[in-house]
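One letter stands for each residue in the lines below.
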Amino acid sequence: KFKHFINPVETVKKIMYYYVKEGYIALDCTVGNGKDTLRLAKLVGKNGKVYGFDIQGEAINNTKNKLKELGLEQNVILINDGHENINKYIHENLDFIVYNLGYLPGGDKNIKTQPTTTIKSLKKALPLLNNNGLLLITCYVGHDGGKEEQEIVEIFLKSLDQKMYNVLQFKFINQRNNPPILYGVEKTY
Ligand code: SAM
């Protein structure tokens, strides 16, 4: 049965399908198993472009192989570096940016996003967004350090000028066991 509100992963998917169009330039700041990267590559098509970052070489290589299998590798640039360094690699504006924070499911739980580098990255990513561009960031609060990271992300996003950004929080308020929190940022200038 079709449901709209299950969890942030599904909500992100829905927003992607609705928002990301053929020819768009997108950025996946946390490639991991590559699900979002693959989805974005399909949506932007041959005339678009996707940048993807991950500090784990294995995540980048696995995603590269999956893209090749689907014939989608031409328009995807995968970078084995931290998303706090996007300014070294991206010199153009972006239509869509996604972050899925925390650790790689099924991977090393000690390798996870960190508040300082996440904020550094957000500060570099937001100015790259085109007018009406969208940034989605999912924060996991259940693991060690996750709540602190979500709080710091929220403080930063709350500080954005409302004349320049619409900032929304998606929170599943009746779910138990620390459900993730999703934030959406739309650039309005
Ligand atoms: N969206 C991914 C998917 O569909 O499989 C899952 C992402 S997982 C929750 C978080 C990923 O962020 C991990 O693969 C981890 O290696 C990566 N990561 C941690 N710190 C990072 C950083 N500073 N820059 C880029 N990626 C980072």
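You'll find the structure just up there.
Reading the values: rules and limits
- Residues numbered from 1 in each chain as written.
- Predicted model: local features only at pLDDT ≥ 70, side-chain atom pairs only at ≥ 80, totals over all residues.
- Heavy atoms only, no water.
- Axes fitted to C-alpha atoms, helices over the stretch in contact; angles between N-to-C directions.
- Helix = DSSP H or I, 4+ residues; strand = E, 2+ residues; numbered from the N terminus.
- Parallel < 35°, antiparallel > 145°, perpendicular 65-115°, else oblique.
- Left-handed = near helix turned anticlockwise from the far one by under 90°.
- Contact = heavy atoms within 4.5 Å.
- Nonpolar A, V, L, I, M, F, W, Y, C, P; charged D, E, K, R; others polar.
- Near = heavy atom within 4 Å.
- Polar contact = N/O pair within 3.5 Å; in protein donor to acceptor, adjacent residues only side chain to side chain.
- Areas by Shrake-Rupley, 256 points an atom, 1.4 Å probe, with all protein chains shown as cover.
- 1 Å grid on protein atoms, 1.4 Å probe; cavity = no way out; pocket = protein on both sides within 12 Å on 5 of 7 lines; lining within 4 Å.
- Sits in = over half its atoms within 2 Å of the grid points.
- Pairing = 2+ DSSP bridges.

Engineer: Before we move on, could you go through the packing of helix α4 (residues 115-125) against helix α5 (residues 146-158) and cite the residues and values that matter?
Structural biologist: Between α4 and α5, the shortest axis-to-axis distance is 9 Å and the interhelical angle comes to 25°. Relative to α5, the element α4 is oriented roughly parallel. Seen along the crossing, α4 lies across α5 with a hand that is right-handed. Here Pro 115, Thr 118, Ile 119, Leu 122 and Lys 123 of α4 come into contact with α5, specifically with Glu 149, Ile 152, Val 153 and Phe 156. Across the contact of α4 with α5, the residue classes tally to six nonpolar, one polar and two charged.

Engineer: Which residues make up the side chain of Glu 84, and what values go with them?
Structural biologist: Along the chain, the position of Glu 84 falls in the loop between β3 (76-79) and β4 (94-100). Those residues within four positions of Glu 84 in sequence are excluded, and the remaining contacts are Thr 117, Lys 120, Ser 121 and Lys 124.

Engineer: How would you summarise the site of the ligand if you had to cite specific residues and measurements?
Structural biologist: In the vicinity of the ligand, 22 residues are found, and the nearest of them are Asn 33, Asp 54, Gln 56, His 83 and Glu 84. Asn 33 is positioned such that a nitrogen or oxygen atom in its backbone is 2.8 Å from an oxygen atom of the ligand. At a separation of 3.3 Å, an oxygen atom of the ligand approaches a polar backbone atom of Lys 35. For the ligand, whose unbound accessible area comes to 600 Å², protein coverage reaches 96%. When atom positions are compared with the pocket grids, the ligand is found to occupy the largest pocket. The residue makeup of the shell around the ligand, split by class, is seven nonpolar, ten polar and five charged.

Engineer: Quick rundown of the packing of helix α2 (residues 35-44) against helix α3 (residues 57-69)? Include the residues and the values.
Structural biologist: The geometry of α2 relative to α3 is characterised by a closest axis approach of 10 Å and an angle of 35° between their N-to-C directions. Crossing handedness for the pair α2 and α3: right-handed. Contacts from Thr 37, Leu 38 and Ala 41 of α2 reach α3 at Thr 63, Lys 66 and Leu 67. Classifying every residue of the contact of α2 with α3 by side-chain character gives three nonpolar, two polar and one charged.

Engineer: Would you mind going over the sheet that holds strand β7 (residues 181-187) in detail, with residue names and values included?
Structural biologist: Ordered by their spatial adjacency, seven strands build an open sheet running β3-β2-β1-β4-β5-β7-β6, and the pairing between neighbours is mixed. Only two strands of the sheet have a single neighbouring strand rather than two, namely β3 and β6 (165-171). Neighbour-to-neighbour, the strand axes of this sheet turn through a mean angle of 10°, independent of strand direction. Here β4 runs beside strand β5 (residues 129-139); their pairing, made up of six bridges, is parallel. Looking at the pairing, Leu 94 lines up with Leu 129 of β5. Packing against the sheet, α3 makes contact with β2 (49-53) and β3, and its axis sits at approximately 165° to β3. Of the strands in this sheet, β5, β6 and β7 touch α5, which is tilted by about 25° from β7.

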